[in-house]
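Per-entry structural report
As a plain string of letters, each chain reads:
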Amino acid sequence: MVKAVIFDVDGTLLDTERIYVEAWKRAGLEQGFEIPEQALRKTRAIDKKIAEQIFKSYAGEQFDYYETWRRRVRIAEEMIDSGAILLKPGVVELLDWLDENGIAKAFASMTGRDLTWAHMGKAGLLDRFTVRITGDAVKNGKPAPDIFLLAAEQLGVSPEECIVCEDSYAGLQAAKNAGMLPVMIPDYVPAREEERGYAVILDSLFEVRSLIEEKNGVVLA
């Protein structure tokens with residue numbers, strides 16, 4: 001029985017991944033390094049300690065990951081302030097349907113609280129959620145399950161009653177590790193055979209309603 005849906009934010013609710021990719025590339029060039037697509041795909045939504053080592057495996061130990069990350073944030077914010085942020089298809093319709101049918105919801109993003117709340121506010125989504133979890137609230141980042149387990153706890157539901165909508169490999173693994181049903185809506189990274197082995201792959205958030213109805217065995221409103 002699905003009683004709650006937990007959403008990743010970047011690339012799942014908000015169409016921000018294209019912004020972050022461009023910002024990473026610009027920030028890398030400022031550091032004298034052309035960041036390859038492989039590095040960006042491998043580090044999507046992953047714990048920063050792990051991401052740092054992946055970047056250094058491409059650029060060398062001299063690469064200043066945290067300075068590049070800080071510059072990436074500033075570049076991305078400039079792009080977002082210029083009006084670049086958009087909603088992913090089906091967001092509003094799905095949130096409306098969940099509310100109408102009494103299915104709980106939360107967002108859980110590894111991005112920090114200030115940026116996540118600012119972005120969700122600009123997109124008009126912040127007030128749609130009462131349970132809001134960000135990376136600074138947990139000790140271990142994705143693929144550890146901490147952020148999703150905390151969301152379930154605050155929603156008052158058990159992990160097995162949750163589905164998690166994600167677009168990143170690390171996020172899907174975190175959902176699996178939490179004992180929840182991982183649902184991938186691919187964005188910047190495609191679904192691989194590995195994800196197809198344990199996650200439900202959907203084309204958009206429009207399809208989540210049918211999945212929930214199927215899992216619950218009833219047709220809701």
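Above: the structure in question.
Looking at the overall build of the protein
On a plain count of helices and strands, the protein comes out with ten helices and six strands. Expressed as lengths along the three principal axes of its C-alpha atoms, the size of the protein is roughly 55 × 35 × 30 Å. Counting over 221 residues, the protein shows a buried share of 54%. Accessible area of the protein: about 9900 Å², with a carbon and sulfur share of 49%. Charged side chains of the protein number 27 positive and 37 negative; the gap between the two group centres comes to 2 Å.

Things to note about the pairing of strand 2 (residues 104-109)
The buried fraction of strand 2 amounts to five of the six residues, a majority that puts the element mostly inside the structure. Where strand 1 (residues 4-7) and strand 2 come together, four bridges link them in parallel fashion. Each residue of the ladder has a partner; that of V5, found in strand 2, is K105. Note that strand 2 and strand 3 (residues 131-134) share four bridges and pair parallel. Bridging across to strand 3, S109 finds its partner in T134. One crossover worth recording links strand 2 to the parallel strand 3 by way of helix 6 (residues 113-122), and it is right-handed.

Comments concerning the packing of helix 3 (residues 48-59) against helix 4 (residues 65-81)
For any two helices packed against each other, the geometry is given by the interaxial angle and the distance between the axes. Relative orientation of the contacting elements helix 3 and helix 4 amounts to 110 degrees, with a least axis distance of 10 Å. What the angle tells us is that helix 3 and helix 4 run roughly perpendicular. Each of K48, K49, A51, E52 and F55 in helix 3 lies in contact with helix 4, whose residues at this interface are Y65, Y66 and W69. A breakdown of the residues in the contact of helix 3 with helix 4 according to their chemical character gives five nonpolar, no polar and three charged.

Criteria and thresholds
- Residues numbered from 1 in each chain as written.
- Predicted model: local features only at pLDDT ≥ 70, side-chain atom pairs only at ≥ 80, totals over all residues.
- Heavy atoms only, no water.
- Helix = DSSP H or I, 4+ residues; strand = E, 2+ residues; numbered from the N terminus.
- Buried < 20%, exposed > 50% of the residue type's maximum accessible area, 1.4 Å probe, protein only.
- Areas by Shrake-Rupley, 256 points an atom, 1.4 Å probe, with all protein chains shown as cover.
- Lys, Arg positive; Asp, Glu negative; His and termini not counted.
- Charge placed at Lys NZ, Arg CZ, Asp CG, Glu CD.
- Pairing = 2+ DSSP bridges.
- Right-handed = clockwise from strand over helix to strand, strands pointing away.
- Axes fitted to C-alpha atoms, helices over the stretch in contact; angles between N-to-C directions.
- Parallel < 35°, antiparallel > 145°, perpendicular 65-115°, else oblique.
- Contact = heavy atoms within 4.5 Å.
- Nonpolar A, V, L, I, M, F, W, Y, C, P; charged D, E, K, R; others polar.

From the geometry alone we can't say anything about function, so treat these as descriptive.
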